[in-house]
There are 2 protein chains.
Amino acid sequence: MNRSNLPNSAFVDPTGANAEAVHDLAKEVLDQLLTQLETADDRSPLPQESPDLSATIPESSGSPGGLLEDLEKAAEGSMNSAHSGYIGHMDTMPTTISVLGDLVASAVNNNNMLSVEMSPVFSELEVELTERIAAEFGLGPDAGGVLASGGSLANLHALAVARNQMFDVHAEGLAGVDRKPVLFASEVAHTSLQKAAMILGLGTDAVVPVKTDENSRLKPVALERAVERAKRDGRAPFCVVATAGTTTTGNIDPLPAIWDITSEYDLWFHVDAAYGGALIFSKAERDRLDGIEAADSVTFNPQKWCYVAKTCAMALFADVDMLQEDFQIGAPYMRGDDAVPNLGELSVQGTRRAEVLKLWLTFEHLGRDGLDQLIDESYRLTTMIRDRVVEHNALELASRPEMNIVCFQAVPQWCPPEERDDLNSQLQQVLLSEYDLFVSLPTYHDSRWLRVVLLNPFTGEDTIQRLFNGIDAFLDAEKT
Amino acid sequence: MNRSNLPNSAFVDPTGANAEAVHDLAKEVLDQLLTQLETADDRSPLPQESPDLSATIPESSGSPGGLLEDLEKAAEGSMNSAHSGYIGHMDTMPTTISVLGDLVASAVNNNNMLSVEMSPVFSELEVELTERIAAEFGLGPDAGGVLASGGSLANLHALAVARNQMFDVHAEGLAGVDRKPVLFASEVAHTSLQKAAMILGLGTDAVVPVKTDENSRLKPVALERAVERAKRDGRAPFCVVATAGTTTTGNIDPLPAIWDITSEYDLWFHVDAAYGGALIFSKAERDRLDGIEAADSVTFNPQKWCYVAKTCAMALFADVDMLQEDFQIGAPYMRGDDAVPNLGELSVQGTRRAEVLKLWLTFEHLGRDGLDQLIDESYRLTTMIRDRVVEHNALELASRPEMNIVCFQAVPQWCPPEERDDLNSQLQQVLLSEYDLFVSLPTYHDSRWLRVVLLNPFTGEDTIQRLFNGIDAFLDAEKT
């Protein structure tokens, strides 16, 4: 083909003719990127100024120099979650090998998980690895699953299968169903459930919120009452979602008690373990997930506490054949295969990335020992923070931490309750601007809290010391 | 933190302490990858043997050497779409800069498009760039959109908004709706529409297939009849999907005539331009999309004919405020922003990759001129193949090509019609094993066809010569 309007490095020539130009460009981008990552602690965890970038489509090809400059600006203007003081959200640096795996996946561009023909290696790897992970959760001999680009899609997938299994709507749709299907989840469950219910044609009102206890965990007695009430009201309960690792406080719903209720009422039991699922890799903490083995489906995001580069999530099913029976949409333009299915026919996405590659490489590079240590260490730091909050007379916990999340509030005696939200918002700003610490500021039970997530492997005791120094200095200054 | 169980290069230390180990690993992966890409033409376009990979979760950390070996095996065992003889699917090598952009996006891991706080730069860039692209399609002053990880999600998103806009089901769901909602698309439209209908609770039967003409394009008169019939049957027509670039033959539905019908019946007008949308970047060919400016929504995948690394797709809306009115699900744990929305609240996904980065960089590196040339060149090769098929007395076109796809069949006189499928399947195998050419073998109107997609920038006239040499040699050999 004639490529005279294109820069020499636009594509990698498959005969090697432009190898030098490509190597130069790739090396420059890589060097710039590594330099940024290796100096992450020198910049703010959350830059406050947006770079000036031009979202245009230029007439002709730009220079590599301009590209590098734009890339640098974009990366440095972004949230700096690699910073050891970025402890505000369920985000941190990913494993080195998952980033490099993603590079390979992008480059070969054959990470099209639509069909076996287009992705023979990765399709097989995904089937095998999801089976293994399902086995880690104890989901039984028929279990398996599919990956999804993010946890919201994994929840959507699980609820779609649950809906189709309980009602005969695959071909016919919901318009003919006379009793409204409803599902149950705690009042602090993730909003992706409302989104899934809306998308699935159930409507956001189909998600019945169930009261939580003082530690943000669903109350089984309230669940049973809600199910009974829905039945009396002529609605059709079909599913309960338990959360293992709530977004704001990292608590775990009582899985065994919820399992009992789903058995009694014959409801689908989904566990949203997007965050907490990682505990299966901790010898010391995995029993916190007891009961998950009874789930009909599980959402698990290795993109969070397993440090795999985003996105990497999965929907697991105790009976993976349900994907074929209750979900499959055939693609006649694709050749099938007896041993490995066309994953695009079984998943919410069609074409998607080979996210299994970076997951597999991360397991290989870290090993169980490495994951185990990362999780245990974050518990150690969490306990340290929790104890200091409890001892502090001006601080209050939102709930008893069960994972590596501590959510707390400054409640000094001298501050009237109606001014607490402002005080905590100011404290968050001061921690960022003066102490290079980013903590988040969620709304929880109608007030503002400070939330710390201990994910970054380079966050240490010194970071925690800085956090409490900052809090004390701020409160002292505000008091006077 | 204690990281004694982890290899030194597991994470990039934000103070630079392990820079050397990280550089070594990154450089080795990059060198191996570039070498593979630069020798892509030396391997088969579609390897026939799967490498032996172990999908295990090892007890302890693996060596970088083992990782590199696994990466090499995985990449070399995969579909080799960079090969200039890989002309079988809508897949080829991506732009160099989109791969490098993806690397940066993965590495900073702050490509969390969930919220502005987590992705200030990329959120703004996505809003601006989707507005610009919507303007290219002529969708009007209020147009814009969101990115999605793949075209199936973009279609799902568009149909969700269409459904919610036409029926009041956001909170209430479909169970209360008495007339079944139906949408219309050509009989050869993409199966992601059935999947979307199933997920959305409309059911696969809600997609009414409309007859096509001899060139695989929806027949407007058949559409009008189908809408009338659905109304008579007590169903509720709400949407028509036109396809600009059908999957198998690359044809374009008559957009202006379909627009007329959607106006007359007050139906949502969605154009699935996942593939063909790229024509807006060709001066010579863009008028083939005339009529798309009237669409209520458009699906467009730069991951295909704009050569952006997978995944990169978008759903565009003539009135982007509908995302807020008819789709939004708020996330109370996220801080909002007045100027730029939390994109996770407006899109099917929550957490997702910053796919806008590689799109933006590709525009910058290629420019309009570069995209224009790539598209024009693929038309030139397409015309060449089309003419040779037409001239050939043993070959027959499936439809008149309108894009860079030629779908044809070997129909030699000596081969009885009932053996044609076998003959074409064998021909496909021979082209792969003996001529290093991968063409696909779709089922179309109940028989097997050979399908050529001219995407690879390094496919040339010599490739085409090899294709016809292979066909002629095979037919000569089979005849005797």
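Here is what the cut-offs are and how they apply
- Residues numbered from 1 in each chain as written.
- Chains lettered and ligands numbered in written order.
- Predicted model: local features only at pLDDT ≥ 70, side-chain atom pairs only at ≥ 80, totals over all residues.
- Heavy atoms only, no water.
- Least-squares fit on C-alpha atoms with pLDDT ≥ 70 in both.
- Contact = heavy atoms within 4.5 Å.
- Phe/Tyr/Trp six-rings, centres within 6.5 Å; stacked < 30°, edge-to-face > 60°.
- Helix = DSSP H or I, 4+ residues; strand = E, 2+ residues; numbered from the N terminus.
- Buried < 20%, exposed > 50% of the residue type's maximum accessible area, 1.4 Å probe, protein only.
- Pairing = 2+ DSSP bridges.
- Axes fitted to C-alpha atoms, helices over the stretch in contact; angles between N-to-C directions.
- Parallel < 35°, antiparallel > 145°, perpendicular 65-115°, else oblique.
- Left-handed = near helix turned anticlockwise from the far one by under 90°.
- Nonpolar A, V, L, I, M, F, W, Y, C, P; charged D, E, K, R; others polar.
- Buried area = accessible area lost by both parts, 1.4 Å probe.
- Salt bridge = Lys/Arg side-chain N within 4 Å of Asp/Glu carboxyl O.
- Polar contact = N/O pair within 3.5 Å; in protein donor to acceptor, adjacent residues only side chain to side chain.
- Expected span 1.5 Å × (residues − 1).

### Topic: the relation of the copies chain A and chain B
- Laying chain A over chain B is done by rotating through 180° and shifting 0.0 Å along the axis; what remains is an RMSD of 0.0 Å. Such a combination of turn and shift is consistent with a two-fold rotation axis.
- The overlap is high: 100% of the interface residues of chain A also sit at the interface in chain B, so the same surface is used on both sides.

### Focus on the packing of aromatic side chains
Residues and elements named next belong to chain A.
- Enumeration over the complete set of coordinates arrives at 16 aromatic pairs over all chains.
- Arranged with centres 6.0 Å apart and planes meeting at 25°, the rings of Trp305 and Tyr379 form a pair that is stacked. A residue pair is termed long-range when its members are at least 10 positions apart, and Trp305 in the loop between strand 6 (297-300) and strand 7 (313-317) and Tyr379 in helix 11 (residues 355-391) qualify at 74 residues.
- Residue Trp305 is classed as buried on the basis of its relative accessible area, which comes to 0%.
- By the ring-pair criterion, three or more aromatic residues cluster together here, those being Tyr275, Trp305 and Tyr379.

### Side note on the pairing of strand 4 (residues 236-243) of chain A
Residues and elements named next belong to chain A.
- Strand 4 sits mainly inside the fold: eight of its eight residues count as buried.
- For strand 4 and strand 5 (residues 268-272), the ladder comprises five bridges, and the chain directions are parallel. Note on strand 5: the bridge partner recorded for Thr243 is Asp272.

### A few points about the packing of helix 12 (residues 420-435) of chain B against helix 13 (residues 461-479) of chain B
Residues and elements named next belong to chain B.
- Look at helix 12 against helix 13: their axes get within 10 Å of each other, and the N-to-C directions meet at 125°. Relative to helix 13, helix 12 is oriented oblique. For the crossing formed where helix 12 meets helix 13, the hand is right-handed. For the pair helix 12 and helix 13, the contacting residues are Leu423, Gln426, Leu427, Val430, Leu431 and Tyr435 in the first and Arg466, Leu467, Asn469, Gly470, Ile471, Ala473, Phe474, Leu475 and Glu478 in the second.
- Classifying every residue of the contact of helix 12 with helix 13 gives ten nonpolar, three polar and two charged.

### Describing the interface of chain A and chain B
- Counting from both sides, the interface comprises 170 residues of chain A and, opposite them, 171 residues of chain B.
- Taken together, the two surfaces of chain A and chain B that pack against each other cover about 15,400 Å², and 64% of this comes from carbon and sulfur.
- Contact with chain B buries area across many residues of chain A, yet Met1, Phe11 and Ile57 of chain A alone supply 6% of it, more than any other trio.
- Between chain A and chain B we count six salt bridges in total.
- For the salt bridge of Asp102 of chain B with Arg353 of chain A, the shortest nitrogen-to-oxygen distance reads 2.8 Å.
- Across the chain A-chain B interface, the total number found is 76 residue pairs in polar contact (both at pLDDT 80 or more).
- Secondary-structure elements contributing two or more residues to the side of chain A that touches chain B are helix 1 (19-38), helix 2 (64-76), helix 3 (96-108), helix 4 (120-136), helix 5 (151-166), helix 6 (192-199) and helix 11 of chain A.
- Here the element with the most residues in the side of chain A that touches chain B is helix 11 of chain A; it accounts for 17 residues.
- Taken together, the residues of the side of chain A that touches chain B sort by class into 81 nonpolar, 61 polar and 28 charged.

### Regarding helix 12 of chain B
All names here are of chain B.
- With 16 residues, helix 12 extends 21 Å from end C-alpha to end C-alpha; this agrees with the ideal 22 Å at 1.5 Å per step.
- Three or more residues of helix 12 are buried, namely Leu423, Asn424, Leu427, Gln428, Val430, Leu431 and Leu432.
- Looking at the buried side of helix 12, the elements it contacts are strand 9 (405-410), strand 11 (447-448), strand 12 (450-453) and helix 13.
- Of the residues trailing helix 12, Asp436 is marked for its positive phi of about 55°.

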